[in-house]
Amino acid sequence: MLLTTTSVIEGHQIDRYLGIVSSEVVLGANAIKDMMAGFRDFFGGRSNSYERAFQETREAALRELEDRAKALGADAVVGVRLDFQTVGTGGMMMVGATGTAVKMK
């Protein structure tokens with residue numbers, strides 16, 4: 001299955017638009033990661049543990065988006081958008097993915 005941020009797929013023609021698909025995945029940060037990230041913020045540098053966690057969460061949201069599109073019989077999802085938001089006050093992060101499921105000719 002092809003997921004793309006564009007509204008068209010070069011070299012392919014969209015036959016049918018099957019509907020909007022979306023997914024949401026929430027990442028709960030833990031106290032150890034928060035503490036280590038705080039040290040990194042104070043001393044400078046990148047927080048590898050957070051970067052890995054965000055990457056895994058983004059990939060999970062895209063997998064879920066693909067699964068929902070497949071359930072509609074789609075060959076691809078066009079116009080994919082990713083949205084990152086904080087949830088609540090406990091340091092949780094949500095990754096949302098949306099797009100349009102399509103059937104190709």
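Residues numbered from 1 in each chain as written. Predicted model: local features only at pLDDT ≥ 70, side-chain atom pairs only at ≥ 80, totals over all residues. Heavy atoms only, no water.

Undergrad: Would you take a moment to explain the sheet that holds strand β1 (residues 2–3) for this structure?
TA: Two strands in a sheet stick together by hydrogen bonds in their backbones, pointing the same way (parallel) or opposite ways (antiparallel). Spatially, β1-β3-β4-β2 is the arrangement adopted by the 4 strands of the open sheet, whose pairing is mixed. On the outer flanks of this sheet lie β1 and β2 (14–28), each paired with one strand and no other. Those strands touched by helix α2 (residues 48–71) are β1, β2, β3 (76–87) and β4 (92–104), and its axis lies near 145° from that of β2. (Pairing = 2+ DSSP bridges. Helix = DSSP H or I, 4+ residues; strand = E, 2+ residues; numbered from the N terminus. Contact = heavy atoms within 4.5 Å. Axes fitted to C-alpha atoms, helices over the stretch in contact; angles between N-to-C directions.)

Undergrad: I'm lost on the nonpolar core in this one. Help?
TA: As a rule of thumb, nonpolar side chains are buried together in soluble globular proteins. Counting residues in each nonpolar core, the largest one holds 11 residues, listed as Val 21, Val 25, Ala 61, Leu 65, Ala 69, Ala 74, Val 77, Val 80, Val 95, Ala 97 and Ala 101. Those elements that provide at least two residues to this core are β2, α2, β3 and β4. Residues in contact with Ala 61, not counting those within four places in the same chain, are Ser 23, Val 25, Val 95 and Ala 97. (Core = buried A, V, L, I, M, F, W, Y, C linked by side-chain atoms within 4.5 Å. Buried < 20%, exposed > 50% of the residue type's maximum accessible area, 1.4 Å probe, protein only.)

Undergrad: So what exactly am I meant to see when it comes to the pattern of salt bridges here?
TA: When the charged atoms of two side chains lie near each other, side chains of opposite charge can form a pair. One pass over the full model with this rule turns up 4 salt bridges. Here Lys 70 makes a salt bridge to Glu 66, at a shortest N to O gap of 3.3 Å. Taken as a pair, Lys 70 and Glu 66 lie in helix α2 at a separation of 4 residues, close to a single helical turn. Residue class for Glu 66 comes out buried when judged on its relative accessible area of 19%. Here Lys 103 makes a salt bridge to Asp 75, at a shortest N to O gap of 3.4 Å. Taken together, the positions of Lys 103 in strand β4 and Asp 75 in the loop between α2 and β3 put the pair 28 residues apart, joining distant regions of the chain. Judged by relative accessible area, which is 25%, Lys 103 ranks as partly exposed. Relative accessible area serves as the criterion here: at 31%, Asp 75 is assigned to the partly exposed category. (Salt bridge = Lys/Arg side-chain N within 4 Å of Asp/Glu carboxyl O.)

Undergrad: Explain the environment of Val 102 to me, please; I cannot follow it from the model alone.
TA: Within the secondary structure, Val 102 is located in strand β4. Looking at Val 102, the relative accessible area reads 0%, which means it is buried. Along the primary structure Val 102 and Asp 75 are separated by 27 residues, whereas in three dimensions their C-alpha atoms are 6.1 Å apart.

Undergrad: Could you clarify how one ought to interpret the pairing of β4 in this entry?
TA: Every regular strand shows the same layout, with side chains that alternate between the two sheet faces. As judged from the 13 bridges shared by β2 and β4, these two strands associate in the antiparallel manner. Paired with Val 25 across the bridge in β4 is Val 95. Judged from the 10 bridges that link them, β3 and β4 form a sheet pairing that is antiparallel. The partner of Thr 86 across the bridge, within β4, is Met 93.

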